[in-house]
Structures are given as C-alpha cells and as structure tokens.
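The primary structure of each chain is shown beneath.
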Amino acid sequence: MIFLLGVWALFAGIVALLGYSFSLPFEFSKTINDIPFHQWQTIRVSVFLTFGYLAMRHFLFGNEKMFPVQFLDLYLKFIVGSGLIIYYQQGITDYSEYATLGFFLLAAIFSHFLSRPEYKKILSFAKKNDYL
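How each quantity is defined
Residues numbered from 1 in each chain as written. Predicted model: local features only at pLDDT ≥ 70, side-chain atom pairs only at ≥ 80, totals over all residues. Heavy atoms only, no water. Helix = DSSP H or I, 4+ residues; strand = E, 2+ residues; numbered from the N terminus. Buried < 20%, exposed > 50% of the residue type's maximum accessible area, 1.4 Å probe, protein only. Contact = heavy atoms within 4.5 Å. Axes fitted to C-alpha atoms, helices over the stretch in contact; angles between N-to-C directions. Parallel < 35°, antiparallel > 145°, perpendicular 65-115°, else oblique. Left-handed = near helix turned anticlockwise from the far one by under 90°. Nonpolar A, V, L, I, M, F, W, Y, C, P; charged D, E, K, R; others polar. Phe/Tyr/Trp six-rings, centres within 6.5 Å; stacked < 30°, edge-to-face > 60°. Salt bridge = Lys/Arg side-chain N within 4 Å of Asp/Glu carboxyl O.

Undergrad: Any chance you could explain the overall build of the protein chain here in plain terms?
TA: Regarding its fold elements, the protein chain presents 5 helices and 2 strands. Listing every helix and strand of the protein chain by position from the N terminus yields α-β-β-α-α-α-α. Expressed as a percentage of the 132 residues in the protein chain, the buried residues total 30%. Sequence separation of 24 or more characterises 61% of the internal contacts of the protein chain that already satisfy a separation of 6 or more.

Undergrad: Explanation requested: the packing of helix α3 (residues 68-90) against helix α4 (residues 95-114) in the structure shown.
TA: Relative placement of two packed helices is described by the angle separating their axes and the distance separating the axes. As a packed pair, α3 and α4 sit with axes 8 Å apart at the nearest point and diverge in direction by 155°. As summarised for this structure, α3 and α4 are arranged roughly antiparallel, according to the angle between their axes. When you trace α3 past α4, the crossing you get is left-handed. Two secondary-structure elements touch here, α3 through V69, D73, L76, K77, I79, V80, G83, L84, Y87 and Y88 and α4 through E97, Y98, L101, F104, L105, A107, A108, S111, H112 and L114. For the contact of α3 with α4, the class distribution of residues is 14 nonpolar, 3 polar and 3 charged.

Undergrad: Just checking my understanding: could you explain the packing of aromatic side chains for this structure?
TA: Any two aromatic rings considered together are summarised by their centre-to-centre distance and by the angle between their planes. For the coordinates displayed, the defined rule picks out 3 aromatic pairs. Both rings, one in F103 and one in F104, keep their centres 5.7 Å apart while their planes meet at 65°; by these two values the pair is edge-to-face.

Undergrad: Honestly, the pattern of salt bridges in this entry has me stumped. Any pointers?
TA: One side chain can pair with another of opposite charge once the charged atoms of both are near each other. Throughout the structure, instances matching the rule amount to 1 salt bridge. One salt bridge connects K77 with D73, and the closest N-O pair in it is separated by 3.0 Å. Of this pair, K77 and D73 both sit in helix α3, separated by 4 residues, roughly a single helical turn. For D73, a relative accessible area of 7% corresponds to the buried category.

The following block contains the structure:
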C-alpha cells in the first residue's frame, strides 16, 4: 500500500510539473485548474495541520525521532479528518468524492499498523538509527 501511494505521488507530482493534473481517483486532465476547490483545500489544510502538529511536538518533546512511515500515517489521518469537515462545509454530496476519502482512510489504517514499533524493524532498510 505504501509503495503504491509513493508511486502515485511521484507520478502525480511529475505530471503536475509538466502542467497536467492527475488526482485521485485516477482522474487525468490537461490542466491543474480542473481539480475541484474542496480537494485543494483538503490537501492544503492537511499540510498545515501536519506541519503545525510536528512543530508543536518538536517544541514540547524536543528532538524525538520519527520514522517516515509515522509521518505518512499522521498526514493520511489529517487528510481524512480535514477532508470530512471540508466536504461537509462545502456541501459535497458526490459519493465518489467520499470514496476517495475512504481510500485515504484505508491507507491511514494500514499505515497506522505499519508504524507500530514491531513493524518498524521489519520495514527499516537503513541503519538502526536512520530516522526522518
């Protein structure tokens, strides 16, 4: 699941730099202007919340180490939470939009379990102390 999300994110980022849009659920368009406002807002707010959480965590706990999968887990949870609120506020009723949030919820559940300490050792391909 993490590998597929990573491949999708790399592809979506590269085509966005080329002026195209590729968004979930796998919709391709010739301009990035075709992405709905509520999807932009969901990503924007989840980035802000993730950054704010990590800044406060650093301020309160100092240099506590995090694995990359923990960052992914946190970000996916913020996407789902902020997406539900924004979709409700914007009056979104299209089920395919909520299916996209369902996909991110499923990914968040997987990443939650993969970020547990017993799985970190299995997923670590680097040295023992290499963290984000």
